[in-house]
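Geometric and topological summary
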Amino acid sequence: MVRILVNGYGTIGKRVADAVSLQKDFELIGIAKTKPDFEAKLAIEKGYSIFCSIDKNIDLFKKEGLDVGKLEEALDDVDVVIDGTPDGIGAQNKIMYQKIKKKAIFEGGEEADIGVSFVAQCNYDKAINAPYIRCVSCNTTGLCRTLGALQGFGIEKVSATLIRRSADPNDIKTGPINALVPDVEIPSHHAEDVQTVLPISNIMTIAIKAPTTLMHVHSLTVELNEKQNEDTIIDTFKNTTRIRLVNVKDGIKSTAHIMESARDMGRKRGDMYEICIWQDSIKIKGNTLYYLQAIHQESNVVPENIDAVRAMLNLDSRDESIKKTNKSLGII
Ligand code: NAP
């Protein structure tokens, strides 16, 4: 059994902790938080052990009657730490993990040099035995999964416009609530980030924040080496793991409908781990392919975090790990 601690139990960390506890080959040693809020109390109700990541805050937990240990002490007993703390905190934590020689997985809010940038189906083998892995951001993971599927056709050039959700559903800190906010830094950081995973030399990304919490939507234009027909592309996406084709003709007209379908599927927290491509949007003109895809930012990187553990410990091949992870999360 691989002994895992999840440091940071927010949007990503709580989903990853639940996914860890579903794996037959993993054991969740506990989760770490800084404060004794409702998420801490619910984690204890679930039977998770809690560790405090800021020593001076232990008394805050005690005052709430919560018995918690110190993160640093708990780390002695683990094989891998999955760090789901906010952007930049993971880099500070890496110093602590290095000191005690613990392997760690970081999230997409960290800089690329923190570890091997990882999307399981694209570059699993690069992460085998790596001490540190970065599961790239939700947007980059979404781009890499579908562009990775097209690599066999030869990609000449990619242009992607990303319409980004401006906050997560549980977030009251950010906006806008009534505006579209263009990111005037062009290309947005996603182009370079995709290149940390896939060898695509010509890629341009442009991002715009929109007042929604539900999902990101990407509009992609991909120049291929030679003309393909739409059915070939549809079959390729259909046969690629963690990609789901959805259809306007079935009533999936928006991100709201995708989220509703995830709830109807009985997915935990209504999560949609797969990148959803509107089949109706797949169009070919000459050598150029167009399609629209949606990314559930809260959950699409969860399977990557699980596969990253198996890669860094060289436990399974890419396909074996993906199969186990998919089965545990109900990804068909
Ligand atoms: P989040 O919801 O804000 O959760 C952060 C967690 O880290 C909380 O449990 C928090 O604990 C803990 N934490 C806060 N400050 C800390 C500190 N100084 N030291 C240790 N722990 C601390 O964050 P998130 O959205 O899950 O993002 C985590 C990472 O995933 C980031 O790198 C982000 O870029 C990446 N990511 C996010 C999304 C997304 O859509 N949210 C998607 C893909 C990747 P307390 O609540 O107890 O303070």
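Structure first, text after, so check above.
Everything numeric here is computed off the predicted structure, so don't read it as measured data. (Residues numbered from 1 in each chain as written. Predicted model: local features only at pLDDT ≥ 70, side-chain atom pairs only at ≥ 80, totals over all residues. Heavy atoms only, no water.)

**Concerning the overall build of the protein**
On a plain count of helices and strands, the protein comes out with 12 helices and 16 strands. On C-alpha atoms alone, the protein measures out to a radius of gyration of 20 Å, which is about the 20 Å that the 2.2 N^0.38 rule sets for 332 residues. Each of the three principal axes of the protein carries a C-alpha extent, and together these read 65 × 45 × 40 Å. Buried residues in the protein amount to 54% of all 332 residues. Excluding contacts between residues fewer than 6 apart, the proportion of contacts in the protein whose partners are at least 24 apart in sequence is 71%. Per element, the accessible surface of the protein, about 15000 Å² overall, is 51% carbon and sulfur. Looking at the protein, you have 42 positive and 46 negative side-chain charges, and the mean spots of the two groups are 2 Å apart. (Helix = DSSP H or I, 4+ residues; strand = E, 2+ residues; numbered from the N terminus. Rg over C-alpha atoms; globule rule 2.2 N^0.38 Å. Buried < 20%, exposed > 50% of the residue type's maximum accessible area, 1.4 Å probe, protein only. Contact = heavy atoms within 4.5 Å. Areas by Shrake-Rupley, 256 points an atom, 1.4 Å probe, with all protein chains shown as cover. Lys, Arg positive; Asp, Glu negative; His and termini not counted. Charge placed at Lys NZ, Arg CZ, Asp CG, Glu CD.)

**Thoughts on the nonpolar core**
Ranked by size, the top nonpolar core spans 46 residues in total, and within it Ile4, Ile31, Ile82, Ile105 and Phe118 carry the most contacts. Counting residues per element, this core draws most heavily on helix α11 (residues 302-312), which supplies 6 residues. Mapped onto the domain boundaries, this core takes at least three residues apiece from domain 1 (2-136 + 301-329) and domain 2 (138-295). Excluding its chain neighbours within four sequence positions, the residues that come into contact with Ile82 are Ile4, Leu5, Val6, Asn7, Val16, Val20, Ile105, Glu107, Asn305 and Val309. By size, the runner-up hydrophobic cluster in this structure holds 32 residues, among which are Phe153, Ile200, Ala207 and Leu224. (Core = buried A, V, L, I, M, F, W, Y, C linked by side-chain atoms within 4.5 Å. Domains from an automatic or database assignment.)

**What about the packing of helix α7 (residues 138-150) against helix α9 (residues 230-238)?**
One can describe the packing of α7 onto α9 by two numbers: an axis separation of 9 Å at closest approach and a directional angle of 125°. Overall, the two elements α7 and α9 adopt an arrangement that is oblique. Note that α7 runs across α9; the crossing there is right-handed. In this structure, α7 contributes Thr146, Ala149 and Leu150 to the contact, and α9 contributes Ile233, Thr236 and Phe237. Grouping the constituent residues of the contact of α7 with α9 by class yields 4 nonpolar, 2 polar and no charged. (Axes fitted to C-alpha atoms, helices over the stretch in contact; angles between N-to-C directions. Parallel < 35°, antiparallel > 145°, perpendicular 65-115°, else oblique. Left-handed = near helix turned anticlockwise from the far one by under 90°. Nonpolar A, V, L, I, M, F, W, Y, C, P; charged D, E, K, R; others polar.)

**Topic: helix α10 (residues 255-264)**
Residues Thr255, Ile258, Met259, Ser261 and Ala262 constitute the buried set of α10. Around the axis of α10, the buried residues are gathered within 155° of arc, so they sit on the same side. On its buried face, α10 is in contact with β12 (216-224), β13 (243-246), β14 (275-278) and β16 (288-295). Its side-chain oxygen placed 3.2 Å from the backbone nitrogen of Ala256, Ser254 serves as the N-cap of α10. The positive-phi residue at the C-terminal boundary of α10 is Gly266, with phi of around 80°. (Arc of directions from axis to C-beta. Polar contact = N/O pair within 3.5 Å; in protein donor to acceptor, adjacent residues only side chain to side chain.)

**Brief notes about the site of the ligand**
Contacts to the ligand come from 20 residues, most closely from Tyr9, Lys33, Thr34, Asp87 and Asp168. Take Arg165: an N or O atom from its side chain is 2.9 Å from an oxygen atom of the ligand. For the shell around the ligand, the per-class residue count stands at 5 nonpolar, 9 polar and 6 charged. Structurally, the shell around the ligand is a two-domain feature, drawing no fewer than three residues from each of domain 1 (2-136 + 301-329) and domain 2 (138-295). (Near = heavy atom within 4 Å.)

**Digging into the sheet that holds strand β8 (residues 132-135)**
Spatial strand order, β4-β3-β2-β1-β5-β6-β8-β7: 8 strands in an open sheet with parallel pairing. The open sheet has two free edges, formed respectively by β4 (69-70) and β7 (116-118), since each of these has just one partner strand. Both strand β2 (residues 26-33) and strand β3 (residues 50-52) contribute to a ladder of 3 bridges, which runs parallel. The residue of β3 that forms the bridge with Lys33 is Cys52. Of the strands in this sheet, β1 (2-7), β2 and β5 (80-83) touch helix α1 (residues 11-22), which is tilted by about 160° from β2. (Pairing = 2+ DSSP bridges.)

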